[in-house]
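# What the coordinates show
Take a look at the letters that make up each chain.
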2 protein chains.
Amino acid sequence: MLLEKIKSPKELKEMSIEELKILVNEAREALLRKVSQHGGHNGPNLGVVEMTIALHYVFDSPKDKFVFDVSHQTYIHKMLTGRGQAFTDPAHYEDVSGYTNPLESAHDLFSIGHTSTSLSLANGVAKARDLKQEDYNVVAIIGDGSLSGGLAYEGLNNIVEQATNTIVIVNDNDQSIAENHGGLYQNLKNLRASKGAAQDNFFKALGFEYHYLDAGNDVKEMIDLFKTVKDSDHPVVLHVHTIKGAGFKLAEENREAFHAGGPFSLETGEYLSAGGAGATYNSVTADFLMEKMAADPKVVAINGGTPMMLFSQEQRKKIGKQFVDVGIAEEHAMTMTAGLAQNGAKPVWAVFSTFMQRSYDQISHDLALNNLPGTILVFSASVNGMNDESHLGIFDIPFLSHIPNIVYLAPTNKEEYLAMLDWSIEQSDHPVAIRVPVGKLKEVRAADTTDYSRLNKNEVTQTGSQVALFGLGNFYELAVKVADKLSEAHGIKATIINPKFISGLDKQLLDSLEKEHQTVVTLEDGILEGGYGQTVASYLGDSELKVLNYGIDKQFHDRYDANELLIQNGLSVDSIVQRILSTI
Amino acid sequence: MLLEKIKSPKELKEMSIEELKILVNEAREALLRKVSQHGGHNGPNLGVVEMTIALHYVFDSPKDKFVFDVSHQTYIHKMLTGRGQAFTDPAHYEDVSGYTNPLESAHDLFSIGHTSTSLSLANGVAKARDLKQEDYNVVAIIGDGSLSGGLAYEGLNNIVEQATNTIVIVNDNDQSIAENHGGLYQNLKNLRASKGAAQDNFFKALGFEYHYLDAGNDVKEMIDLFKTVKDSDHPVVLHVHTIKGAGFKLAEENREAFHAGGPFSLETGEYLSAGGAGATYNSVTADFLMEKMAADPKVVAINGGTPMMLFSQEQRKKIGKQFVDVGIAEEHAMTMTAGLAQNGAKPVWAVFSTFMQRSYDQISHDLALNNLPGTILVFSASVNGMNDESHLGIFDIPFLSHIPNIVYLAPTNKEEYLAMLDWSIEQSDHPVAIRVPVGKLKEVRAADTTDYSRLNKNEVTQTGSQVALFGLGNFYELAVKVADKLSEAHGIKATIINPKFISGLDKQLLDSLEKEHQTVVTLEDGILEGGYGQTVASYLGDSELKVLNYGIDKQFHDRYDANELLIQNGLSVDSIVQRILSTI
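Residues numbered from 1 in each chain as written. Chains lettered and ligands numbered in written order. Predicted model: local features only at pLDDT ≥ 70, side-chain atom pairs only at ≥ 80, totals over all residues. Heavy atoms only, no water.

## Remarks on the domain arrangement of chain A
Residues and elements named next belong to chain A.
- Each assigned domain of chain A is listed with its residue range as follows: domain 1 (2-253), domain 2 (281-435) and domain 3 (459-581).
- Domain 2 and domain 3 are separated by 27 Å when their C-alpha centres are compared.
- Of the roughly 2300 Å² buried between domain 2 and domain 3, counting both surfaces, carbon and sulfur atoms make up 59%.
- One can count 0 salt bridges joining domain 2 with domain 3.
- At the junction of domain 2 and domain 3, the tally comes to 14 residue pairs in polar contact (both at pLDDT 80 or more).
- Elements that contribute at least two residues to the side of domain 2 that touches domain 3 include exactly α19 (396-400), β10 (407-409) and α20 (414-426).
- In the side of domain 2 that touches domain 3, the residues fall into 15 nonpolar, 6 polar and 4 charged. (Domains from an automatic or database assignment. Buried area = accessible area lost by both parts, 1.4 Å probe. Salt bridge = Lys/Arg side-chain N within 4 Å of Asp/Glu carboxyl O. Polar contact = N/O pair within 3.5 Å; in protein donor to acceptor, adjacent residues only side chain to side chain. Helix = DSSP H or I, 4+ residues; strand = E, 2+ residues; numbered from the N terminus. Nonpolar A, V, L, I, M, F, W, Y, C, P; charged D, E, K, R; others polar.)

Now the structure itself:
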């Protein structure tokens, strides 16, 4: 097997074109075997087998620098740079991350998981090269989907301005995570149809030397193209047409399903754990929004390139113009939401916590400063969300809840969540964000009749003494468990509070606690620093009350076990109870 | 005087072209008089007198919706929409803000001060119109300089996707705040030179119907152009060439100086308070960086469109390739900085606090996640910085200091500041941000020999008892004043601490305070919520110590008096002392 001979790109360079074609097949087979058994970004990697082999054949990594956008398409790159065993030996499947990772290899320059960054990173890498008067190629590989992000455009502009060697490979498979949206994509379509000859070429307009290759899945043609531009003394764009999911028919035919996923059947293309039955917070959100939309044409859902988190392709067709996918462009999603709200629509932007941070200024300057009634649904904001270091959802409370005017809500069950969402959509006084619960859908089967226009009113769900427990959102259940333990094992009936509001304090309630309590405990499903609990500790700083804040330590935890991480941070019922007892 | 007759656009519409030309002159004269006496964005407004009059003549605001990018070029718009007195009567100069302001007029849709947002806002306004099945024009007015921001590109893409009426006016005066940078600008230059006929038209590439007008300062030609596209049923770009500073020769000849400024002489074009003599934190930064650059070609300064905050035009010429102005593109500035640091350069990005928030994800995902040794110099982070609600610099501690790996430093004088900057440039272990002091340069005439690689080591500048005062950065002097008052008036010798590190706590020091102290006070020049003090209160939450946190309340304060705002937040020596006394 040729693949197993490859310990570094060196072995690759000694192969004939015929051997490379055999290697292409071996690499694709290994890739298919792993993703079908282990899961991962299947389609994107299947599409770049030939490109990646040609890259390492023509260029000299790590002397030449590769920067892969998003870097979820680097499985083949890893196979060719000393990490083949992680793809050929199931016992070693977990050895590598799903993204480039400098801790794994000198061939990986950055830890990357968000889109549209590669061109700016490459621009910096190339500028450093120029300052040091060194001589090598800097190559950025970016997909068509990532080009919708404004940062990619800023990168293109500045690469041209720098005017030295930077090779931009546009890997155009005519697909983002879902379908593409935006004026650029008609231009790419025209360029593909005309084999690069269409007028008003976007890349030429920005000043690039431009080359088009239709046969992006032909290793020989890729090699020839790369050879023609290697060592260029000025910026070049290679617009390469590839097939997402290439070599696996079922993936080629269903490109949205085969962007990424868990294990699947190579025979049927069905995912083995297909979501599972029963409602989820995602499905109840979709159902609720579709009902609202049917009743009111002003209700509109916005999403930036991950529409499947809310609606299936069929649902999107049904909804029509009341759903807007802006492409991977979170800044635009937020600012467009502000514009929608200003002109009397009822916009709801659904976004993952880790990607919401891409629109901080738009949340602050466009939505919050103008105090517009847009709704942000924050998904996967939890230690139990995505656990790659580049996709953590635990930083949203510090960066969102301290922006003036924002009302940030933390529901603890389905009924609370939908009541908050309904209130947010129908009110017109505040920008509102809702931290969508993470985990199994919890139904209490009783309507939530809370008037959320009474800002910062917390709910006391059990009145006790000595200890007051604030259980925020996902961690409300933990507060209840701690209270139960205090009661059962120590005869202490604690007060339990469901704060509901993250972005402000119930000062009346806090002022009242001193009378019957000695210790206040806050529990939040995010980082401790800059979080909700610290605002409580500060407010009570000159009181007689002891305050214990619980949250996650400030680190980019990578591929962690959520339960272990919680225990490391003292977030177990027993250790919380023990610490409480030491204060009273 | 025709200008005084105009109470609303209605009067304008009844005028003849000849009268409009007289109005142009009257408006420009009033504008020149006000900006020369009162200060403001002089050049940008001088350039759009004719455009603004033509806009209000042809379109029907507020039915038709105008969205002005940055909105610092809306003085004429204000003159024509019921706010003329604020430009004709010096006693009323302060009646209006320098930006669009919904509180002033129904003709102003948004409070805006950051660039590149207008197209996305307009896209949302137009989408709401379509959802409501209403019928009017949505017009976005954006300068060439603002087109370098990625959000503007995202907006263009999505306006084309929406495919209904949106009229984008590109006000091209071939100048950003300083000169433009980026591949786009060669395209705009080609289009100006060819009167819009050049190949590879950037706007056509994105799918726009495109019109070019060279005579952007001819009111008749502007009116004719606007009439041809009014009520278009699809997106249109009007590329209009105007003269920045038009009608005031000295401004036309010195476009960078005449972007904005204070009162100036109409005869000589000299600003009346030209910076003043003596060194400032900006000038010592520039001098220090130029020295470092001369000694080490790997040192490079990055800025996003406001180079004059660091270097004069002459200094920029002298520095050459070791200074990079990326245009108004803060995201790229940060991510390029990460790329520079990864490849061994020593990058220093200088940015205003209010604009740094435009790169939150780039700070977190590109620089911090990769733990790269780039330096961020955060300017105007203070209640004494810019005081327009859209330009506040008081939110940086909550959003920056809680990002993992970031070392955020708060110097209290020149020597500390330069020692921190020198350490940051030469070290290779951490991303570092420095909160550049605001106000008069303070020199202590003694070198700071602190080893800043000992992270989170605070400096105790006076050892006392009962009360411990943490004076962060700009507020260190306030801590000293409070200590003096406690000593003189109440015989209490307080401990004074210069924390220096914002992003982490000196736990050893905090643990030691309980022995001799009863009250800990934190003072920071930013918002209280999510700030440094609250991390102290949280850490000490289960101690016997009382903690008093001082900072600014969470609001978008607008055109405030800094001293009044401080007093409103209890930040006066006397009220701090009184509160301290109540706790001991």
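After presenting the structure, the write-up continues.
## A look at the relation of the copies chain A and chain B
- The transformation that overlays chain A on chain B combines an axial shift of 0.0 Å with a rotation of 180°, and the residual RMSD is 0.0 Å. What we have between these two chains is a two-fold relation.
- Interface overlap between copies: 100% of the residues of chain A at the interface are likewise at the interface in chain B, consistent with a symmetric, same-surface contact. (Least-squares fit on C-alpha atoms with pLDDT ≥ 70 in both. Contact = heavy atoms within 4.5 Å.)

## So, the interface of chain A and chain B
- On the chain B side, the residues contacting the 109 residues of chain A number 109 residues.
- Buried area between chain A and chain B, both sides added, is near 8700 Å², and the carbon and sulfur share of it is 56%.
- Looking at the side of chain A facing chain B, the largest losses of area belong to Y153(A), N343(A) and F556(A), adding up to 8% of the total buried there.
- For E544(A), the salt bridge goes to K546(B), with nearest N and O atoms at 2.9 Å.
- Seen at the junction of chain A and chain B, the total is 57 residue pairs in polar contact (both at pLDDT 80 or more).

## A few points about empty space enclosed by the protein
- Counting across every chain of the model gives 12 cavities of 30 Å³ or more.
- Within this model, the largest cavity holds a volume of roughly 80 Å³.
- Contributing to the lining of the largest cavity are 13 residues, with G150(A), E330(A), R358(A), E154(B) and E331(B) lying nearest its centre.
- Elements supplying a minimum of two residues to the lining of the largest cavity: α9 (150-162) and α16 (330-342) of chain A.
- There are two domains that each give the lining of the largest cavity at least three residues, and those are domain 1 (2-253) and domain 2 (281-435) of chain A. (1 Å grid on protein atoms, 1.4 Å probe; cavity = no way out; pocket = protein on both sides within 12 Å on 5 of 7 lines; lining within 4 Å. Points joined across faces, edges and corners; volume = space filled by probe spheres on them.)

## Regarding the pairing of strand β6 (residues 299-303) of chain A
All names here are of chain A.
- The buried count for β6 comes to 5 of 5 residues, which makes it a mostly enclosed element.
- Burial along β6 is two-sided: the residues V299, A301 and N303 and V300 and I302 are all buried.
- As judged from the 3 bridges shared by β6 and strand β7 (residues 323-325), these two strands associate in the parallel manner. Considered in β7, the bridge of A301 is made with F323.
- As for the winding sense of the linkage, the β-α-β connection from β6 through helix α15 (residues 313-319) to β7 is right-handed. (Buried < 20%, exposed > 50% of the residue type's maximum accessible area, 1.4 Å probe, protein only. Pairing = 2+ DSSP bridges. Right-handed = clockwise from strand over helix to strand, strands pointing away.)

## Re the UniProt feature "domain: Transketolase-like pyrimidine-binding" (unreviewed entry) in chain A
- Sequence positions flagged by UniProt for "domain: Transketolase-like pyrimidine-binding" (unreviewed entry) are, in local numbering, residues 279-444 of chain A.
- Counted over residues 279-444 of chain A, helix gives 40% and strand 16%. Its end C-alpha atoms are 14 Å apart. (UniProt positions renumbered as here; feature names shortened; annotations may be inferred.)

## Examining the packing of helix α3 (residues 17-38) of chain B against helix α12 (residues 219-229) of chain B
All names here are of chain B.
- Direction vectors running N to C along α3 and α12 enclose 120°, while the axes themselves pass 10 Å from each other. If you check the angle between α3 and α12, you find them oblique. Touching I17, L20, K21 and V24 of α3 are V219, K220 and I223, all from α12.
- Of the residues assigned to the contact of α3 with α12, the class counts are 5 nonpolar, no polar and 2 charged. (Axes fitted to C-alpha atoms, helices over the stretch in contact; angles between N-to-C directions. Parallel < 35°, antiparallel > 145°, perpendicular 65-115°, else oblique.)

## Remarks on the sheet that holds strand β6 (residues 299-303) of chain B
Residues and elements named next belong to chain B.
- Overall, parallel pairing links the 6 strands, which are arranged β7-β6-β8-β9-β11-β10 in an open sheet. Whereas interior strands pair on both sides, the edge strands pair on one side only; in this sheet they are β7 (323-325) and β10 (407-409). Within the sheet, the average angular offset between the axes of one strand and its neighbour, ignoring direction, is 20°.
- Pairing analysis gives 4 bridges linking strand β9 (residues 375-379) to strand β11 (residues 432-435), with the strands arranged parallel. In the sheet register, I376 faces β11, and the bridge partner there is A433.

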